[in-house]
Structures are given as structure tokens and as C-alpha cells.
Amino acid sequence: MATAFTDVELLLQDDTWQTLSTHTPDENGVISLVTSDQFINYTLVAKDQKGSDAEGLNVVSFYQASSDTPSHYQAQFDSLVDNTTCECVTQNIELSHRPFASQTSVTSSLAYNSWQMADEEITLFEGVNVCRAIDGSWPLHSFSVSGFDSNDKAIAVAGFIDDFTSNEDNTWQVSAFDVADSVDLPSHQEFSTNQIIGNTTHFSELVAEDVASLLVFDTHSYISEAVYQSQASVTFTESNSIFGSTVIKTHHQVISEIAQESFAVKASEKKPTIDEQAFSEIKANGNYNYTEVSGYPMAIITFEFTAYDPGTQLLMPAQWTFYGPKSGTLAISGGLTGYEDIIDIETDKKSTDVYLIKSSVTNNYQDYISYYQAGNSVSQTLDTSDEFIRNIHRVEIGIKLN
């Protein structure tokens, strides 16, 4: 569950990324500032801690963001998580269904340890884990099985459950009443697809390039709430050596209430104009330029650093993500007031990840920065109804050093 986080500062900055003022949150984790400028540059600096890793820094910068748009930031600090407000249960699921001569795959919207075909009419999911807020409602989740019947016909069935109260048998019983329909596919790239109901992903599947049809759950009780999310990728450059690895890809995502619209996803097969040898689009002084890759109004650039805690001189995690136009000056060029002894433009970088973003609905940079100000990221969307994200192309450039 999300709770107020106060280990964060906001640095209001000028056009050269020099700090104008520093702002801290109240006890509810809300930062307020007053400015007469319509568009502002600012950086959020948050303490960060994941799993068993040491405490580190997560830094996020926004160029020319609207001062009228509320900004949202979700921190992660695992050692401060209070699990006393949550109830979690781990049991098995017995999914009862029509007879299968053989089973080829299963899906679940929940994490589980393993699965097995108990018999032709029962599939067992072992070690299914689910959580809820104490006294809250259990979430809705799905389980499905694909395979072949006795006539060698491809079939798939699914069942939903929204009551995970523990029982003496240590097993929940789910009936798979929903039957998938076969949908013809046009010529297509390999793509992944799933349905999203609420904030949960269901029926995830990887569709190979030579598949002519797909079994789709399109008549279940929650279909009016569902959207189809499909994604395709094309890899142009991928190399690995003792020094590190590099990759250049294109991606396309389509979200739609209509399955066939989503399945028409197609990543660009035109190779992006990138300096594959020196990756000179980012300069040592912090200037960057991706204008050679036309049609992408926004660049999202993330650095992961080899940083050291100034007190202990031990390695500490540090990451800096910059949201800006396709060319300009990175926030790191202006320094990070109060944290200069941890990371600056000279700090060694373990990795550099760049995403160039193009939405089908707008070329206006302000639409892009507003979307990401609201707390969305490249890998996670808060609102799949937002037209900005429903048909979006990305170019990915990744550089990792060993």
C-alpha cells in the first residue's frame, strides 16, 4: 500500500539547471511552491532502497514542465514498508475445466510457484500468493489453461476469483467457465498481448510471427471493463563483450477495447539514425541531440551510477532520470545542490538508457511532459484510458558497462 513519503526534496532550477530554491514536503508528502513562471525546470531527489540493497538516491528531472500541472512521484523504500496493514495468503488453486487431451500453457494474474496437470479436467497452480488491505476487498484475479482437446483442436478456458479467504484444505477451488474464441490474425510481427482489467494484467501471451489465429477470452463477465494491450519490438543492434553491452530497438504499443485494433501493433522496421560506435548523441558536457531520429518529440534519459556514500565510502545505488525534448541540456550538467559529493556529471556511469517517445495523438512537447509529470514512466502506465499512451512508439538505446 502507498503511504506518505517525506525523504524527498524538490530543487527549482533555471534554464542552465542551477538551483533557485529548495522545497521539502509536509507530513503528508506534499510539496508546494509558488512561482510566476508558466513553465519550470525542477528536480526531485528522493532517498531510495530496494530489497536488500543499501540506501541510495533516485533523482528525476523535468524540463519546461507546466507549473499548473500537479506532479506525482512514487518512491520505493522497502525497509520502511509497513506490512501490518496488509493481509497476505499463500495457497494452491485447483482450476476445474472441460477435458484436455494435452495442455500447452497456463496464465495467471497472480504470482505462483509452479503448475501441473492433475488430470484432464483439473489444473493445479501451486504456491499462489495474494494480498489485500486488512478489512479491504480481495482483488479480482484470473487463471487460464490452453491446449488441445481429443480431436486435436486448440482450446483455452479461464476462471475468475475474488475471494481468497484461507481454508483448511489450503486450496481455492475455481471453475473455468469462460471459453476462448479463435480470432484470425493478419500478417504480423511477434508481439505480446494481454487484457487489463482495473490495474491488473490478465491472459498474458507471446504471439509468434507465424501464428495465423489467436484464442481470445472476449465474452467473460468483465469484458466491458477490459482493454487489450499489445506490444511489438524490433531489434536492430545488440552486442555483448567483456566491456559491456549495447542495444538499439524500436517498440510499438496499442491499447484498445477492440482486440483486432490492439493486435495490429507494429514496431517501426526503419533503423533509427544513431551513432552505434560512440553514441555521441550525448556529449561529455551534458548536451544531447537526437534530432536525427525524426518524429520523436521527447527523450527520456536514465543514468545508473557507480556512486559512493560520502560518509562510509561504500558503494551506494544512484539513478538519475531526465525528461526533456529531443535535444537540449541534461539536468546533470548543472550539478545537484546538496548532493555534489555523491553524483555529478563526472561520476562513472554503469549504464545509460534512452527512450525516444512518439504518441500518435500529439507532437506537442507540453503534452508529453505533462503525461510524465503525472507520475507515469516508460514501463508503467497509471491510466490506460489516456489517449496519449494508447498508441505510442518508442526508440530504445541501451548501453551497459561491465
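Residues numbered from 1 in each chain as written. Predicted model: local features only at pLDDT ≥ 70, side-chain atom pairs only at ≥ 80, totals over all residues. Heavy atoms only, no water.

1. A closer look at the overall build of the protein chain
Here's step 1: Helix and strand counts for the protein chain stand at three helices and 26 strands.
Here's step 2: Taken along its principal axes, the extent of the C-alpha atoms in the protein chain is 70 × 50 × 45 Å.
Here's step 3: With 402 residues in all, the protein chain has 44% of them scored as buried.
Here's step 4: The averaged location of the 56 negative side-chain charges in the protein chain is 10 Å from the averaged location of its 17 positive side-chain charges. (Helix = DSSP H or I, 4+ residues; strand = E, 2+ residues; numbered from the N terminus. Buried < 20%, exposed > 50% of the residue type's maximum accessible area, 1.4 Å probe, protein only. Lys, Arg positive; Asp, Glu negative; His and termini not counted. Charge placed at Lys NZ, Arg CZ, Asp CG, Glu CD.)

2. Details of the packing of aromatic side chains
Here's step 1: As enumerated under the stated definition, the model contains 22 aromatic pairs in all.
Here's step 2: Between Trp-138 and Phe-164, the aromatic rings sit 6.0 Å apart at their centres with planes inclined by 65°, giving edge-to-face as the arrangement. Separated by 26 residues along the polypeptide, Trp-138 in the loop between β8 (122-133) and β9 (141-148) and Phe-164 in the loop between β10 (154-161) and β11 (171-175) bring together distant segments of the chain.
Here's step 3: We classify Trp-138 as buried; its relative accessible area is 9%.
Here's step 4: With 4.6 Å between their ring centres and 35° between their planes, Phe-203 and Phe-217 make a pair best called tilted. Taken as a pair, Phe-203 in strand β15 (residues 200-207) and Phe-217 in the loop between β16 (213-216) and β17 (226-240) lie far apart in primary sequence, 14 residues in all. (Phe/Tyr/Trp six-rings, centres within 6.5 Å; stacked < 30°, edge-to-face > 60°.)

3. Topic: the sheet that holds β11
Here's step 1: Spatially, four strands are ordered β7-β8-β5-β11 in an open sheet, and the strand pairing comes out mixed. With one partner strand each, in any of the chains shown, β7 (114-119) and β11 form the two edges of the open sheet. Recorded for the sheet is a direction-independent mean angle of 40° between the axes of neighbouring strands.
Here's step 2: Relative to β8, strand β5 (residues 86-96) is paired through 10 bridges, and the arrangement is antiparallel. Its bridge partner lying in β8, Val-89 is registered against Val-130. (Pairing = 2+ DSSP bridges. Axes fitted to C-alpha atoms, helices over the stretch in contact; angles between N-to-C directions.)

4. Some details on the layout of surface pockets
Here's step 1: The computed volume of the second largest pocket comes to approximately 470 Å³.
Here's step 2: Lining the second largest pocket are 29 residues, and of these Ser-146, Ala-156, Glu-205, Leu-214 and Leu-215 sit closest to its centre.
Here's step 3: Going through the elements one at a time, β6 (102-108), β9, β10, β14 (191-197), β15 and β16 are the ones with two or more residues in the lining of the second largest pocket.
Here's step 4: Of the residues in the lining of the second largest pocket, the class split is 16 nonpolar, 12 polar and one charged. (1 Å grid on protein atoms, 1.4 Å probe; cavity = no way out; pocket = protein on both sides within 12 Å on 5 of 7 lines; lining within 4 Å. Points joined across faces, edges and corners; volume = space filled by probe spheres on them. Nonpolar A, V, L, I, M, F, W, Y, C, P; charged D, E, K, R; others polar.)

5. A few points about the environment of Gly-375
Here's step 1: As for its position among the elements, Gly-375 is in the loop between α2 (365-373) and α3 (387-390).
Here's step 2: Note: C-alpha distance between Gly-375 and Tyr-290 (85 residues apart in sequence) is 24 Å.

6. Observations concerning unusual backbone geometry
Here's step 1: If you check the backbone angles, Phe-279 has positive phi at about 45° while not being a glycine.
Here's step 2: Relative to the assigned elements, Phe-279 resides in the loop between α1 (259-263) and β19 (287-289).
Here's step 3: Accessibility expressed as a relative area gives 11% for Phe-279, which makes it buried.

7. What about the pattern of salt bridges?
Here's step 1: In total, this model carries eight salt bridges according to the counting rule given.
Here's step 2: Glu-276 is the salt-bridge partner of Lys-271, the closest N and O atoms lying 2.7 Å from each other.
Here's step 3: The class for Glu-276 is partly exposed, based on a relative accessible area of 28%.
Here's step 4: Here Arg-390 ties to Glu-387 by a salt bridge, and the two come within 3.6 Å at their closest N and O atoms. Taken together, the positions of Arg-390 and Glu-387, both in helix α3 and three residues apart, correspond to about one turn of that helix.
Here's step 5: Assessed through its relative accessible area of 47%, Glu-387 is described here as partly exposed.
Here's step 6: Ionic contacts of the salt-bridge type, sharing partners, join the residues Glu-257, Glu-387 and Arg-390 into one network. (Salt bridge = Lys/Arg side-chain N within 4 Å of Asp/Glu carboxyl O.)

8. Quick word on the sheet that holds strand β3 (residues 39-48)
Here's step 1: Sheet architecture is open: 12 strands sit in the order β2-β1-β3-β4-β23-β20-β25-β26-β18-β17-β14-β15, paired in mixed fashion. Since the sheet does not close on itself, it has two edges, and those belong to β2 (19-23) and β15, each with one partner. On average, each strand axis in the sheet is tilted by 20° relative to the strand beside it, whichever way the strands run.
Here's step 2: Strands β3, β4 (56-66), β20 (298-305), β23 (318-325), β25 (349-359) and β26 (391-401) of the sheet are contacted by α2, whose axis makes an angle of about 145° with β4. (Contact = heavy atoms within 4.5 Å.)

9. Some points on the environment of Lys-350
Here's step 1: Residue position: Lys-350 is located in strand β25.
Here's step 2: Once the C-alpha coordinates of Lys-350 and Val-8 are considered, the two residues, 342 residues apart in sequence, prove to be 24 Å apart.
Here's step 3: If near-sequence neighbours (up to four positions away) are discounted, Lys-350 is found in contact with Glu-304, Phe-305, Thr-306, Ile-399, Lys-400 and Leu-401.

10. Considering a negative patch on the surface
Here's step 1: Among the surface-exposed residues, Glu-190, Glu-209, Asp-210 and Glu-269 lie close enough to one another that they form a single negatively charged patch.
Here's step 2: Counting through the fold element by element, Glu-190 comes out in the loop between β13 (181-184) and β14.
Here's step 3: By relative accessible area, Glu-190 is classed as partly exposed at 44%. (Patch = residues over 30% accessible without salt bridge, like charges linked within 9 Å, V, L, I, M, F, W, Y side chains within 5 Å. Areas by Shrake-Rupley, 256 points an atom, 1.4 Å probe, with all protein chains shown as cover.)

11. Observations concerning α2
Here's step 1: Of all the nine residues making up α2, seven are buried; the element is thus mostly covered by neighbouring parts of the structure.
Here's step 2: The backbone nitrogen of Gln-366 has a side-chain oxygen 3.0 Å away, supplied by the residue at the start of α2, namely Asn-364.
Here's step 3: Gly-375 lies just past α2 and shows a positive phi near 105°. (Polar contact = N/O pair within 3.5 Å; in protein donor to acceptor, adjacent residues only side chain to side chain.)

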